[in-house]
Every structure is written in C-alpha cells, then in structure tokens.
Amino acid sequence: VNSIEQITAYDDYNLYRMDVTYDYSIDDVINYGITDNQSMIDAILKETLPLLPVHMKAPNFGCSAFGTVSDRNILMGRNYDFKRDTSAMLVYCTPKDGYKSVALAALDNISANQPDISMAKKLACLTAPFICLDGMNEKGVSIAVLTLDSEPVNQSTGKQKIFTTLAIRLVLDRAATTQEAVDLLSAYDMHAMAGRDYHFFINDAASDARVVEWDPRDPNRAFKATPVRQVTNFYACYGDEVLPNQKNDELGHGKERAVAIADVLDAHAGAQDEAVAWKALRAAAQEPNPEDITSNTQWSVIFDNTEPAAAITLRRHWGDVDAFAL
C-alpha cells in the first residue's frame, strides 16, 4: 500500500498507480470454487485480505477496443465507458510464476475512488490485480473486456470455472501470444460477473487480434475466437448481422462506434501510429448519459505491444496524457 501514488490532480476522480509485490496465487483464486458473484468476491478477498472486512462490488463495463498495424509498432487502443465516474488505478504486477504486466482497475468497484484518505481504502486496493478491466504484459499481449446485451454466460461443461476479471489476470500472467490466451481461456467454463455478459478483445506483438466470446445462440454457449480489427458492445462472431445506431437484441449494440474507428484506421492504412490511435479513440469516445450503461468514457488507453508501454488519459482530457513504460 505504500507504493500507491496519485498521478493526476482532478477534483474527485483521478489516476493512481501501485506496485503489487505481495505473492498472490492466481491458481488458488481459480480453485476457490466460483459459482456466483458472491463466491467470486469471496475468492478475491480470501487471497488478498483474508482477515479484513472490505466491501467490494461486482463491476460492470462498456467500451470500445481496436488494434492497429503500421510499419513500426503494434498498438491496442481502448476506451473504457461506464455511466458512473470512477478513479483508475494503474496496477503493476510482477508475479513469481508469470509475466510482468500493467493493467487498469476502476476504483469505484472497491469503493476506493480516493484511496489515500484512509488505510481501509488503501488496503482495498490490494484486490486490484483481480479486478483489472484491461492491460498488457511484457510479452506484448494486451486484453480488454467489453460488455454485451446477451444473457450472462455461466457454462457448466465440467471444466474448472473462471470469472470475468480473473480471466484478464490469467491472460496477463500466463499468455505470451494471442493464441496462448485463446488456449488458456478455452480450457475453462466462464462465469460472467455482475449480471451482465462480456467478451474480450486480445491483441499481441504480432498483431494477432481476436475477440473471445461465448455464442449466445448455442445452448451450451460454445467458445469462439473471431479475428477482428475493432469491436464494441456487439458479438464479433455475428458482426455482419449487427446494425449501427440501434439495439440488436442479444447480438448487442455500438456498431456505429466500431464503424467510426474503422473509418479512422482505413484513412491511415499502413501508417496507424499513436496519433492515429488517439484519433480513433476520440472518434469512439462517449459523453455522459445516465440512461446508457456504456456511455461516459472514463479512460482511454493505448497499449504498445511492440515496446511494452501505456499512454492514458481520463474522461476525455485529450490534452492531458500520461505515459508509462512497463
């Protein structure tokens, strides 16, 4: 907790960073026995704060994500959209049995938007490795979670269960390529958190960009990994059936944001550098709308998969970007 540092100086919701040096076990959390949201929270707290009463909410998330290709670096851009304002924590992890990574957690989900006002809130931040919503590891694998409109997946095929944000931690700690990430996630039964459904956008240093999903039209919610360049809150495996500027029942919404990203990237084919990535993020960013859970861009981040680093801005402060090397 002594490593927690405030980076920005806005009013109430800021960017922080912390270095996770305690010896957590992702395997112990997976093996806890996840059956619902409460057991997911219990598993996290048992691993991080076994003796302390800390309140934690199961998070919700919106978002846009894309991968770029240029003659230099492979980038992943990501807007995290959620109607309720939140502070963000840059979480640096160096696990003994995994890869170094930097990832972002929404502090509103652990009631710690101002972690420096009490020791209790600082201690709550120790759960951050297991509630990250996007991130990148030293091998150049980046991952982001995005919400969907389908019924929450809760597979029961006999495999070990894993939940949404733990899947992100698993990929960051253990995957050196997108293919390895796909193989890891396909080995588990997925339990979606907080009463919503989700998919994952994954990219790597070789620009292998895919969306991992659980088919809403299959009674068994079959695992699918679809190659795409950009995605928002609709099923990539049924992308051709999704129309912009409307709800598409269980197939999702937000196609217009994916189109806006595609227009920017197509206009700069072969030269999709960081400036172009920021332009695409701005094209897909959203203003606050209390009626829309996937509105109100909380942070925008670019992960450099080639030379592992991150650049981030909060709540559309496009002229105020913080950059961090892994």
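This text follows the structure it describes.
A quick note: this is a predicted structure, and the numbers were derived from the prediction, not measured.

A. Summary view of the packing of helix H4 (residues 164–174) against helix H5 (residues 178–186). The interhelical angle for the contact between H4 and H5, taken along N-to-C directions, is 135°, at an axis separation of 10 Å. Regarding the angle of H4 to H5, the classification is oblique. Classified by chirality, the crossing of H5 by H4 is right-handed. Residues Ala167, Leu170, Val171 and Arg174 of H4 touch H5, and the partners they reach there are Glu180, Ala181, Leu184 and Leu185. Split into classes, the residues belonging to the contact of H4 with H5 amount to 6 nonpolar, no polar and 2 charged.

B. Representation of the state of the cysteines in the model. By the definition in use, this model includes 0 disulfides. The thiol of Cys125 is not disulfide-bonded; the next cysteine sulfur, from Cys132, is found 11 Å away. Take Cys132: it sits in no disulfide, and the sulfur closest to it among the cysteines is that of Cys93, at 6.4 Å. Classification of Cys132 by relative accessible area gives buried; the value is 1%.

C. Quick look at the sheet that holds strand E17 (residues 297–304). Pairing in this open sheet of 6 strands is antiparallel, and the strands run E14-E3-E4-E17-E18-E19 from one edge to the other. Among the strands making up the open sheet, the edge pair consists of strand E14 (230–231) and strand E19 (322–325). Where strand E3 (residues 64–68) meets strand E4 (residues 75–81), 5 bridges bridge the pair, whose relative direction is antiparallel. Bridged to Ser64 within E4 is Asn79. Sitting on the sheet, helix H6 (residues 255–267) touches E3, E4 and E14, and the angle it makes with E3 is about 20°. In the packing of helix H7 (residues 274–284) onto the sheet, the strands contacted are E3, E4, E17 and strand E18 (309–314), and the crossing angle to E17 comes to about 155°.

D. Focus on the pattern of salt bridges. Under the defined criterion, the tally for this structure stands at 16 salt bridges. A salt bridge links Lys96 to Asp23, with the nearest nitrogen and oxygen atoms 3.8 Å apart. Here Lys96, found in the loop between strand E5 (88–93) and strand E6 (101–106), pairs with Asp23, found in the loop between strand E2 (15–20) and helix H1 (26–30); they are 73 residues apart in sequence, far enough to count as distant. In this structure Asp23 comes out as exposed when scored by relative accessible area, which is 52%. Linking Arg221 and Asp197 is a salt bridge whose minimum nitrogen-to-oxygen distance equals 2.5 Å.

E. Spotlight on the sheet that holds strand E8 (residues 142–148). Ordered by their spatial adjacency, 9 strands build an open sheet running E1-E2-E5-E6-E7-E8-E11-E12-E13, and the pairing between neighbours is mixed. Of all strands in the sheet, those with a lone pairing partner are strand E1 (5–6) and strand E13 (223–227), marking the two edges. The sheet contact formed by E8 and strand E11 (residues 197–203) spans 7 bridges and is antiparallel. By the bridge assignment, Thr147 is partnered in E11 with Tyr198. On top of the sheet, H4 reaches E5, E6, strand E7 (132–137), E8 and E11; it is set at about 5° to E7, its chief contact.

About the thresholds
Residues numbered from 1 in each chain as written. Predicted model: local features only at pLDDT ≥ 70, side-chain atom pairs only at ≥ 80, totals over all residues. Heavy atoms only, no water. Axes fitted to C-alpha atoms, helices over the stretch in contact; angles between N-to-C directions. Helix = DSSP H or I, 4+ residues; strand = E, 2+ residues; numbered from the N terminus. Parallel < 35°, antiparallel > 145°, perpendicular 65-115°, else oblique. Left-handed = near helix turned anticlockwise from the far one by under 90°. Contact = heavy atoms within 4.5 Å. Nonpolar A, V, L, I, M, F, W, Y, C, P; charged D, E, K, R; others polar. Disulfide = S-S within 2.5 Å. Buried < 20%, exposed > 50% of the residue type's maximum accessible area, 1.4 Å probe, protein only. Pairing = 2+ DSSP bridges. Salt bridge = Lys/Arg side-chain N within 4 Å of Asp/Glu carboxyl O.

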